[in-house]
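Letter by letter, the chains look like this.
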Amino acid sequence: MTAATTTAEGERLRRVSPLRLFFSRPESGAIAGAVIVFLIFGVLSALRGDIGKGFLSIQGAASYLEVTAQVGILGAAVSLLMIAGEFDLSVGSMIGAAGLLLGLLIVQWGVPPTIAIILTFAFALAVGAFNGWLRIKTGLPSFLVTLGMLLILRGAGIGFTRAITSQTIVSGITDKTAGDPIVQLFTAKVTIAGGDFKIILLWWVAAVVVATWVLTRTRFGNWIFSVGGSEQAARYVGVPVNRVRIILFMTTAGSACLLAVIQVLSFGSADVLRGTNKEFEAIITAVVGGTLLTGGYGSALGSAFGAFILGTTQLGINFVGINSDWYQVVLGTILLLAVLVNTYLLRRASGAR
Amino acid sequence: MTSPNDRQPPFPHDTAPFTMPAETAERISAYGTQGGGPESTATPVLEARDISKYFGRVIALEHVSLSVRPGEVNCLLGDNGAGKSTLIKTLSGVHPPDSGSLLMDGQSVVLGSPRDALDRGIATVYQDLAVLPLMSISRNFFVGSEPTTGFGPFKQFDVARAGKIATDQMLEIGIQVRDPGQLVGTLSGGERQTLAIARAEYFGARVLILDEPTSALGVKEAAIVLRHVIRARAKGLGVIFITHNVQHALPVGDRFTILSHGRLAGEFVRGQVGQDELLRLMGGGEELAELAAELDKLMHADARTIEEVAVSAEAVPTSPDAPVTEVEAGELPPPGP
Ligand SMILES: Nc1ncnc2c1ncn2[C@@H]1O[C@H](COP(=O)(O)OP(=O)(O)OP(=O)(O)O)[C@@H](O)[C@H]1O
Ligand SMILES: [Mg+2]
């Protein structure tokens, strides 16, 4: 390569503004969206004169952050799975099933809480691995495989619980777990300036940090992108495609289980219907966060902002006095807008425009 | 028609007498001392013996054998659908053969996956390149074989090093990467091909397999790739080189393996065949001869009216035993894309 050509080529890189650079990142749309949604509800609350209460209070922040964390824990895991080109529709019913199992273990069978938690996670991870295995062995789209698992888990949860307890709710868990230090890991909360901040926030932040680190900084993260980008290309360059998939299905099942454990131990009861529709909220979180529905591109960090948009909207609507019947309308609109914006940003980032 | 002697000799391997360019003569004599080459009796670094591969009812390969010795370039030739890509995919661990065996250094091996093949030092540039459009250049370069820093659970993908190596390696093939973080989907076709080649060259320790690596490249870049093929051979790698372009095959090939309809149609060593013979064996000779005849007619027709040309073009004899066989196929543009 001669010096002349080097200079000539070097000149083909033009300077771009930092703003443009920011918007070439997959999560940029979600970050901007989160700011906008927050401002909208903030302004609406201020107009109502709600300074220091409702949406604009510490307790308000604690509550919408809690909702954010709930869907955010799922979203972090689901975005990794979706970047690898797969879906997991069974996370919602896994929340219900894992919660019931934990409740039954503790209340019905008197298993010590720590052991019960470990067994519950083992169950969830096994189901996740089974999802992955089924996906690989049958070659069916994971949408269908996990749709089957959604029904199976939901149905089996109801069936077993009713057969064992003749109810669809397991309650009285708090009596058995009070004072257990391990349980504190899932239920602790602190009061800061009048707001009750729960430990689920830490779990959520940890989930996002770990997922982002894995995705952007490790070999495994590179493999996730490649499997979602093109299974064949990934296989050709030596990526263990099937191992990646199984691990990711175990991760999403594990995240659902974590949420179930936190909820059951905090509320003291397990309910068959808990987690209903959470699979869709998790997918929405990931998509709003910039993850491509078809895989190969996305961000775990973006899912955190996606979750924030969901959480703020869900509670913000109540705070500003809009009937919560409208939540789904708003959510659907946000989803469509986010997809449009993210598609536009991706097209710009990938130069096809 | 011109005789072989008064036209420019396109390649030194033509049987016709010509004066060999000094550079070529040097190269040929140099490679006589490397232990490889057509006459070499060294154990093949990679060998496929009696391979058959079926896709349902499709016979992709039947009783095909192929071998490549260290420091040798085996050009795999054949028309579209002949089974070339299928054959090299069995050698890269993508397709397990339905029958037959693979040997490395004379030892029977089973390549269960592309990872197996890569771990044994077999690197491949696939025809479809196997690059990921939505990933950056440096991530693409190392995907599956990432360098890491740190240890234990905190092992990280060394992005900086990956970017630097990828940039350097691509520069060697003459492509200046502006930003290793650029998405591969935004690269030009030739740049993408260069990435795949640079990657295979970087990871191929024993065998380099190139499935039509020059199809999207400009003349300059193709020449650089050919030079890299020669360099890999000089380093003692076995190279399997698939191309539709005889002008790319002839200067670098020590051995020419020709596939036709999934079967072996011939194997030649350098010097045994010339360009025309190879073209004919690849199944392109006759068509090219016909095309040449048509073009010839058109050239001579330039004084006539357009209608007359059209009529006469239709009247060109197309049967192979027509006098068109005298046409020199080598005067035509290369048949490849
Ligand atoms: N996965 C597959 N399933 C069914 N048929 C296949 C498959 N792969 C290849 N074939 C068939 O096998 C034959 C050989 O294909 P192959 O790709 O090896 O040809 P090729 O010699 O590389 O051709 P080209 O020069 O066009 O690249 C073709 O007829 C193709 O249709
Ligand atoms: Mg091919």
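These remarks concern the structure in this document. (Residues numbered from 1 in each chain as written. Chains lettered and ligands numbered in written order. Predicted model: local features only at pLDDT ≥ 70, side-chain atom pairs only at ≥ 80, totals over all residues. Heavy atoms only, no water.)

Some words on helix α16 (residues 327-349) of chain A
Moving on, step 1. Here α16 of chain A contains 23 residues, and its C-alpha end-to-end distance of 32 Å stays within 8% of the 33 Å for a straight helix at 1.5 Å per residue.
Moving on, step 2. Each element contacted by the buried residues of α16 of chain A is listed here: α3 (28-47), α14 (278-288) and α15 (300-319) of chain A. (Helix = DSSP H or I, 4+ residues; strand = E, 2+ residues; numbered from the N terminus. Expected span 1.5 Å × (residues − 1). Contact = heavy atoms within 4.5 Å.)

Digging into the interface of chain A and chain B
Moving on, step 1. Contacts between chain A and chain B engage 32 residues on the former and 32 residues on the latter.
Moving on, step 2. When chain A packs against chain B, close to 2,700 Å² is buried across both sides, 62% of that on carbon and sulfur atoms.
Moving on, step 3. Interface area lost by chain A to chain B is led by Asn-222, Tyr-236 and Val-237 of chain A, which between them contribute 27%.
Moving on, step 4. On inspection of chain A and its partner chain B, the count reaches one salt bridge.
Moving on, step 5. Where the side of chain A that touches chain B is concerned, the elements lending two or more residues are α1 (3-10), α10 (200-217), α11 (219-229), α12 (231-236) and α16 of chain A.
Moving on, step 6. In terms of residue count, the dominant contributor to the side of chain A that touches chain B is α11 of chain A (six residues).
Moving on, step 7. Broken down by class, the residue content of the side of chain A that touches chain B amounts to 14 nonpolar, 13 polar and five charged. (Buried area = accessible area lost by both parts, 1.4 Å probe. Salt bridge = Lys/Arg side-chain N within 4 Å of Asp/Glu carboxyl O. Nonpolar A, V, L, I, M, F, W, Y, C, P; charged D, E, K, R; others polar.)

Structural notes on a nonpolar patch on the surface
Moving on, step 1. Where nonpolar side chains cluster on the molecular surface, the patch consists of Ile-36, Ile-40, Val-43, Leu-44 and Leu-47 of chain A and spans about 480 Å² of accessible area.
Moving on, step 2. By relative accessible area, which is 47% here, Val-43 of chain A ends up partly exposed. (Patch = residues over 30% accessible without salt bridge, like charges linked within 9 Å, V, L, I, M, F, W, Y side chains within 5 Å. Areas by Shrake-Rupley, 256 points an atom, 1.4 Å probe, with all protein chains shown as cover. Buried < 20%, exposed > 50% of the residue type's maximum accessible area, 1.4 Å probe, protein only.)

Topic: the pattern of salt bridges
Side-chain pairs of opposite charge can arise whenever the charged atoms involved come near each other.
Moving on, step 1. Counted under the stated rule, the structure contains 22 salt bridges over all chains.
Moving on, step 2. A salt bridge links Arg-235 of chain A to Glu-231 of chain A; its shortest N-O distance comes to 2.5 Å. Taken together, the residues Arg-235 of chain A and Glu-231 of chain A, both in helix α12 and four residues apart, mark about one turn of the helix.
Moving on, step 3. Owing to a relative accessible area of 33%, Arg-235 of chain A belongs among the partly exposed residues under this scheme.
Moving on, step 4. Where Arg-231 of chain B meets Glu-201 of chain B, a salt bridge forms, and the shortest distance between an N and an O atom there is 3.1 Å. With a gap of 30 residues between them, Arg-231 of chain B in helix α7 (residues 219-234) and Glu-201 of chain B in helix α6 (residues 189-203) connect regions that are remote in the sequence.
Moving on, step 5. Taking the relative accessible area as the measure of exposure, Arg-231 of chain B reaches 36% and is therefore partly exposed.
Moving on, step 6. Exposure remark for Glu-201 of chain B: the relative accessible area of 14% places this residue in the buried category.
Moving on, step 7. Each member of the salt-bridge network shares a partner with another, and the members are Glu-86, Arg-135, Glu-231, Arg-235 and Arg-245 of chain A.

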